Amino acid sequence: MKVKLVYFAWVRERLDKPEEELDLPETVVTVADLLAHLKTLGEEYETALQHENVIRVAINQEHAEHDEPIAGAREIGIFPPMTGG
Amino acid sequence: MSLTPTIRVQSEDFDLQKEVDKLTAGRTDIGAVVTFSGLCRDEGGALSALELEHYPGMAEAEMRRIAELAIERFSLQGLTAIHRYGKIAPGENIVLVIAASPHRQAAFDGANFVMDFLKTSAPFWKKEHAASGEARGWVPAKDADDSARDRWSKITESPARGG
């Protein structure tokens, strides 16, 4: 499955890129699977995603829980907790 | 729900009075207008700027979702939410929420509700720049902001009466 990943704030900085397109293996079903898969892609991913419980994810620009399936996702946003306002 | 909130995400500043005027122009049914504006602080001279990053598209969508929840829940007559992005100097505006209703309590609650949810679920992130000009790092999320949001799910009775 081909998907566009977009990164923000310190996730973006630690990965040193704002976005990328990835071809995900079939075994990646949920958000948690995706985060686990990303961590195998290199040290920068491991560093950026090491505190998995604080990492927030949005599927097609809507907040998603870590146990949600990513089927049908065109764009997945990965970012730290929000601090606007 | 017929009322459409005004939602904007922009780098330029906003004028509080102009936005209130736009919301109330030609209206004779509004009895209360509550405005909240959030400004950049210098933290006792330690900061030269805040840099606001956002998720374009999702930021607007999430603000709209929150605004629509507030309109429904507090029967608001008007709602404006504007959030800036980019580098913002101490003393400058960051965010504006305007809520209008027939009576004061719904307007107060509506503005409060929008801010509590905006802080915890609208995709914006703040980075601090030190007085020296150097980047100081990202502002950590606060548990207190989550608690402020969560209290709305404990309030079961409609607080929007009287005024």
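Residues numbered from 1 in each chain as written. Chains lettered and ligands numbered in written order. Predicted model: local features only at pLDDT ≥ 70, side-chain atom pairs only at ≥ 80, totals over all residues. Heavy atoms only, no water.

Going by an unreviewed UniProt entry, chain B carries the name Molybdopterin synthase catalytic subunit and comes from Rhizobium oryzicola. Per UniProt, the comment on chain B under Sequence similarities (unreviewed entry) is "Belongs to the MoaE family." Database annotation for chain B, UniProt heading Catalytic activity (unreviewed entry): "2 [molybdopterin-synthase sulfur-carrier protein]-C-terminal-Gly-aminoethanethioate + cyclic pyranopterin phosphate + H2O = molybdopterin + 2 [molybdopterin-synthase sulfur-carrier protein]-C-terminal Gly-Gly + 2 H(+)". (UniProt positions renumbered as here; feature names shortened; annotations may be inferred.)

An unreviewed UniProt entry lists chain A under the name Molybdopterin converting factor subunit 1, from Rhizobium oryzicola.

Attention now goes to the overall build of chain B. Within chain B one finds four helices and eight strands. Reading chain B from its N end, one meets helices and strands in the order β-α-β-β-α-β-β-β-α-β-β-α. Here the C-alpha radius of gyration of chain B, 16 Å, is about what a compact globule of 163 residues would show, namely 15 Å. Dimensions of chain B, computed from C-alpha atoms along their principal axes, come out at roughly 50 × 35 × 30 Å. Here chain B, with 163 residues, has 45% of them falling under the buried criterion. (Helix = DSSP H or I, 4+ residues; strand = E, 2+ residues; numbered from the N terminus. Rg over C-alpha atoms; globule rule 2.2 N^0.38 Å. Buried < 20%, exposed > 50% of the residue type's maximum accessible area, 1.4 Å probe, protein only.)

What follows concerns the side chain of T30(A). All names here are of chain A. Mapped onto the elements, T30 comes out in the loop between β2 (19-23) and α2 (31-39). You can call T30 buried: its relative accessible area is 17%. Ignoring sequence-local partners within four residues, the contact set of T30 consists of H66, D67, E68, P69 and I70. (Contact = heavy atoms within 4.5 Å.)

Here we come to the interface of chain A and chain B. Taken together, the contact pairs 20 residues of chain A with 25 residues of chain B. For the chain A and chain B pair, buried surface summed over both sides reaches about 1800 Å², with 56% attributable to carbon and sulfur atoms. At the junction of chain A with chain B, the criterion picks out two salt bridges. A salt bridge links E53(B) to R12(A), with the nearest nitrogen and oxygen atoms 2.5 Å apart. Between chain A and chain B we count 16 residue pairs in polar contact (both at pLDDT 80 or more) in total. Tallying contributions element by element places helix α1 (residues 9-15) of chain A first for the side of chain A that touches chain B, with four residues. The class makeup of the residues in the side of chain A that touches chain B is 10 nonpolar, six polar and four charged. (Buried area = accessible area lost by both parts, 1.4 Å probe. Salt bridge = Lys/Arg side-chain N within 4 Å of Asp/Glu carboxyl O. Polar contact = N/O pair within 3.5 Å; in protein donor to acceptor, adjacent residues only side chain to side chain. Nonpolar A, V, L, I, M, F, W, Y, C, P; charged D, E, K, R; others polar.)

So, on to the environment of G91(B). Residue and element names in this part refer to chain B. With respect to the helices, strands and loops of the structure, G91 is situated in the loop between β5 (86-88) and β6 (93-101). Relative accessible area serves as the criterion here: at 52%, G91 is assigned to the exposed category. Through-space distance from the C-alpha of G91 to that of A49 is 9.6 Å; in sequence the pair is 42 residues apart. With sequence-adjacent residues up to four places away left out, G91 is seen in contact with L39 and C40.

Moving on, we get to the pattern of salt bridges. Counting across every chain of the model gives 17 salt bridges over all chains. D13(B) serves as the salt-bridge partner of R84(B), at 3.8 Å between the closest nitrogen and oxygen. Residue R84(B) is located in strand β4 (residues 78-84), and its partner D13(B) is located in the loop between β1 (6-10) and α1 (16-24); the two are separated by 71 residues in the primary sequence. Overall, D13(B) belongs to the partly exposed group, its relative accessible area being 45%. Residue R149(B) pairs with D150(B) through a salt bridge whose shortest N-O separation is 2.9 Å. The structure contains a network of salt bridges with shared partners spanning K4(A), E19(A) and E75(A).

Residues and elements named next belong to chain B. Applying the stated criterion across every chain yields a total of nine aromatic pairs over all chains. Centroid distance F113 to W152: 5.4 Å. Interplanar angle 75°. Geometry classified as edge-to-face. Here W152 lies in helix α4 (residues 143-154) and F113 lies in helix α3 (residues 104-121), a separation of 39 residues in the sequence. Comparing F113 with W152 shows no difference in burial state: the two are buried. (Phe/Tyr/Trp six-rings, centres within 6.5 Å; stacked < 30°, edge-to-face > 60°.)

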